[in-house]
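# Overview (structure and organization)
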Amino acid sequence: MTVPEPQHPVTGLDDVVHQRVRLGILTIAHEARRVEFVYLRTQLGLTAGNLSQHLAVLETAGLVEVEKGYEGKRGRTWVSLTAAGNTALAEEITRLKQLIARVETTAGQ
Amino acid sequence: MTSDTVPAAGDPRRLLAEVRGFAHRVRLTQRVTWLPLLVLALVTFGAIPAYMLGRPVTRDCYSVEGGEICKIWEPAADLYWLVALVVAYVVIARVYLRVARGRGVDARVLPYVLTGVAFSVVMFVLIGVGAGVWFVRDAEDLLHPSTSIEVLFRLLTPVGGIGIALLVLAWLERNVALLLFTLGYLAVILVPINFGWGVHWGGHLQGVTALIIVGGVLLLGSAGFGLAQRLRRAR
C-alpha cells in the first residue's frame, strides 16, 4: 500500500481569498465585526471603485455581507463577514503559516 | 482591478505580517479606553455621599470567643453601587459603540459590560445575604482573617469588580497598557493605602479615603489613556 504524499499547502489556497486586498478586507471585517466602507478604503489605500469590485467578488463568493443604510442624511455602507468568510479567513491563515513553515524547513535542509 | 496573487516564496510572510498589521490597527481604532475609566471614576466618587449619609445596619449578631460577629448591610451604599454600576455599564456600552462606529468599526465591548453587570449583581446579593461566613471554615476566623481571605474580601467589593471587569476589557482589546493599568489598580485595592487620611473620621467613614484614592486612580487613568489616544490620532 502506498502512503499518499501530504498535500502541498499551495494547492489548498483559495484564489478568492489568497489576494492581498481581499485578505485585508476579510481580516479587517473579522477584527472589527462590522466595518464601514470608508474605513476599509482608507486602511487599504484603494479607490472607491476598486474596493467595490473586490467587495463584489467576496460577496458573490458568500464571504461577506454588504449592508447599506443612512445615518442622518449620510449614506453608510457596512461590511461584515459571513460564517463562510470566517472559515475561509481562518483556513487561509493556517495555509499561509504552513507555507512559511514548509519554506523554512526546505531552506534549512 | 488589481489582482496581486502571491507567487513568491517570501510573500506569505509579508501577507501574514500585513494581516497582523491590519488587525492591530483595527484594535487601536476600536479603543475608547478613557470612557469606562472616566464613568467608573465618577461612579466611585458618587459612592462617597452614599457612605456618608447612609448608616450601616447590623443583624444576626452572635458572640464568639474574642468578640462578636454580625452581618453588616449598608442599604444606601449597597443599593447605590448596584444601580450606579448597572447604569454605568449600560452607558459605557452605548457610548463605546457609538464612538467606535463613528470611526467606522464595531467594538467588542459586550463581554466586558456583561462581566461588570454580572459582578455588580452577584456582589449585591453576596453582601445582602451576609455571605462572608461562607468563605471561612469557622466564623471566628472573620475576627482575624488570613491574608488570602483578606485579599478575597477586598476583591469581592464593587471597586474590586471594576478591576476584574477591566481585565476582561484588556483581554478583549489585547490592550497591554490597560492590562498594566488594571494590575496597578488592583494592587491599590488589595494593598490599601490611606496616607493617614480619615483615621480620625471614625467608623465606616474611613472607607471614604479608599474611595477617593480609587476614584483618583481611575480618573488619572482616564486622563492618561485619553491623552495617549489623542496624541496617537494626531500623528
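Small disclaimer: the values here were computed from a predicted structure and weren't measured.

Here the focus is the interface of chain A and chain B. Accessible area lost when the parts come together is the quantity often used to give the size of an interface. Between chain A and chain B, the contact holds 32 residues from the first and 30 residues from the second. Both faces considered, chain A and chain B share a buried interface measuring about 2800 Å² in area, 60% of it formed by carbon and sulfur atoms. Contact with chain B buries surface across chain A, with A:R20, A:E31 and A:Y39 losing the most and accounting together for 25% of the total. The shortest N-O distance in the salt bridge between B:R27 and A:E31 comes to 3.0 Å. For the interface between chain A and chain B, the tally reads eleven residue pairs in polar contact (both at pLDDT 80 or more).

Residues and elements named next belong to chain B. Position of L37 relative to the elements: it lies in helix 2 (residues 34-53). Overall, L37 belongs to the buried group, its relative accessible area being 0%. In sequence terms L37 and S222 are 185 residues apart; their C-alpha atoms lie 5.0 Å from each other. Ignoring anything within four residues of it in the chain, the contact list for L37 reads L166, F181, L218, G221, S222 and F225.

Our next topic: the packing of helix 6 (residues 158-172) of chain B against helix 7 (residues 176-190) of chain B. Residues and elements named next belong to chain B. Where helix 6 meets helix 7, the axes come as close as 9 Å, and the angle between the chain directions of the two elements is 165°. If you check the angle between helix 6 and helix 7, you find them roughly antiparallel. Once helix 6 is placed against helix 7, the crossing between them reads as left-handed. Residues V159, G160, I162, G163, I164, L166, L167, L169 and A170 of helix 6 touch helix 7, and the partners they reach there are L178, L179, T182, L183, Y185, L186 and I189. Partitioning the contact of helix 6 with helix 7 into residue classes produces 13 nonpolar, three polar and no charged.

What follows is about the sheet that holds strand 1 (residues 34-36) of chain A. Residues and elements named next belong to chain A. Spatial ordering of the open sheet is given by 1-3-2, a layout of three strands whose pairing is antiparallel. The outermost strands of the open sheet, each flanked by one partner alone, are strand 1 and strand 2 (64-71). Looking at each pair of strands side by side, their axes are set apart by 30° on average, direction ignored. Packed on one face of the sheet, helix 2 (residues 37-44) meets strand 1 and strand 3 (74-81) and runs near 75° to strand 1.

Before going further, it helps to spend a moment on the packing of aromatic side chains. Two numbers describe a pair of aromatic rings. These are the distance of the centres and the angle of the planes. For the coordinates displayed, the defined rule picks out three aromatic pairs over all chains. For the ring pair B:Y89 and B:Y112, a centre distance of 5.6 Å and an interplane angle of 80° mean the geometry is edge-to-face. Of the two residues, B:Y89 is situated in helix 3 (residues 75-102) and B:Y112 in helix 4 (residues 110-128); the sequence distance between them amounts to 23 residues. Each member of the pair, B:Y89 together with B:Y112, is buried. Between B:F181 and B:F225 the ring centres are 5.9 Å apart and the planes differ by 90°, which places this aromatic pair in the edge-to-face class. Taken as a pair, B:F181 in helix 7 and B:F225 in helix 8 (residues 206-234) lie far apart in primary sequence, 44 residues in all. A relative accessible area of 17% means that B:F225 is categorised as buried. Above the ring of A:W78, the side-chain terminus of A:R34 is found at 4.3 Å from the ring centroid.

Counting 75 residues, the largest nonpolar core has B:Y112, B:Y185 and B:L218 as its most contacted members. Residues contacting B:Y185, with those up to four places away along its chain left out, are B:V159, B:I162, B:G163, B:V214, B:V217 and B:L218.

Another point: the pattern of salt bridges. A full pass over the atoms with the stated rule returns eight salt bridges over all chains. The shortest N-O distance in the salt bridge between B:E18 and A:R20 comes to 3.0 Å. Linking B:E18 in helix 1 (residues 11-30) with A:R20 in helix 1 (residues 20-32), this pair reaches from one chain into another. Overall, the relative accessible area of 22% leaves B:E18 in the partly exposed class. Overlapping salt bridges, with partners in common, bring together A:R20, B:D11, B:R14 and B:E18 in one network.

Rules used in this analysis
- The residue count restarts for each chain, going from 1 along the sequence in the order it is written.
- Each chain is given a letter, starting from A, and each ligand a number, starting from 1, according to the order in which they appear as written.
- Restriction of local features to residues with pLDDT of at least 70 applies here, the model being predicted, together with a cutoff of 80 or more for giving and counting side-chain atom pairs; totals for whole chains, interfaces and linings are based on all residues.
- The basis for the side-chain values is all heavy atoms of the structure; hydrogens and waters are excluded.
- Here, two residues are considered to be in contact whenever any of their heavy atoms come within 4.5 Å of each other.
- Once two parts are brought into contact, the accessible area they lose, counted with a 1.4 Å probe and summed over both, makes up the buried area.
- Salt bridge criterion: a side-chain nitrogen from Lys or Arg within 4 Å of a carboxyl oxygen from Asp or Glu.
- Pairs of N or O atoms within 3.5 Å make up the polar contacts considered here, provided that, within protein, one atom can donate a hydrogen while the other can accept it, and that residues adjacent in sequence are counted only when both atoms are side-chain atoms.
- Strands here are runs of E lasting at least two residues and helices are runs of H or I lasting at least four, both read from the DSSP assignment and numbered beginning at the N terminus.
- Residue exposure (1.4 Å probe, protein chains only): buried if accessible area is under 20% of the type maximum, exposed if over 50%, otherwise partly exposed.
- In this description, a line fitted to the C-alpha atoms serves as the axis of each element, helices being fitted only across the stretch in contact, and the angle between N-to-C directions of two axes falls anywhere from 0 to 180 degrees.
- Note on angle classes: values under 35 degrees are labelled roughly parallel, values over 145 roughly antiparallel, values of 65 to 115 roughly perpendicular, and the remainder oblique.
- Crossings are classed by handedness, with left-handed meaning an anticlockwise turn of the near helix from the far one by less than a right angle and right-handed meaning a clockwise turn.
- Residues are grouped as follows: Ala, Val, Leu, Ile, Met, Phe, Trp, Tyr, Cys and Pro are nonpolar; Asp, Glu, Lys and Arg are charged; all remaining types, including Gly, are polar.
- Should DSSP find at least two bridges between two strands, the strands are regarded as paired.
- Ring geometry is summarised as follows: Phe, Tyr and Trp rings, the Trp one being its six-membered ring, pair when their centres sit within 6.5 Å, and such pairs are stacked at plane angles under 30 degrees, edge-to-face over 60 and tilted between the two.
- A ring is scored as having a charge over it whenever the NZ atom of a lysine or the CZ atom of an arginine sits within 6 Å of its centre and within 35 degrees of its normal.
- Take the buried Ala, Val, Leu, Ile, Met, Phe, Trp, Tyr and Cys residues and link them wherever side-chain atoms come within 4.5 Å; each set so joined is a nonpolar core.

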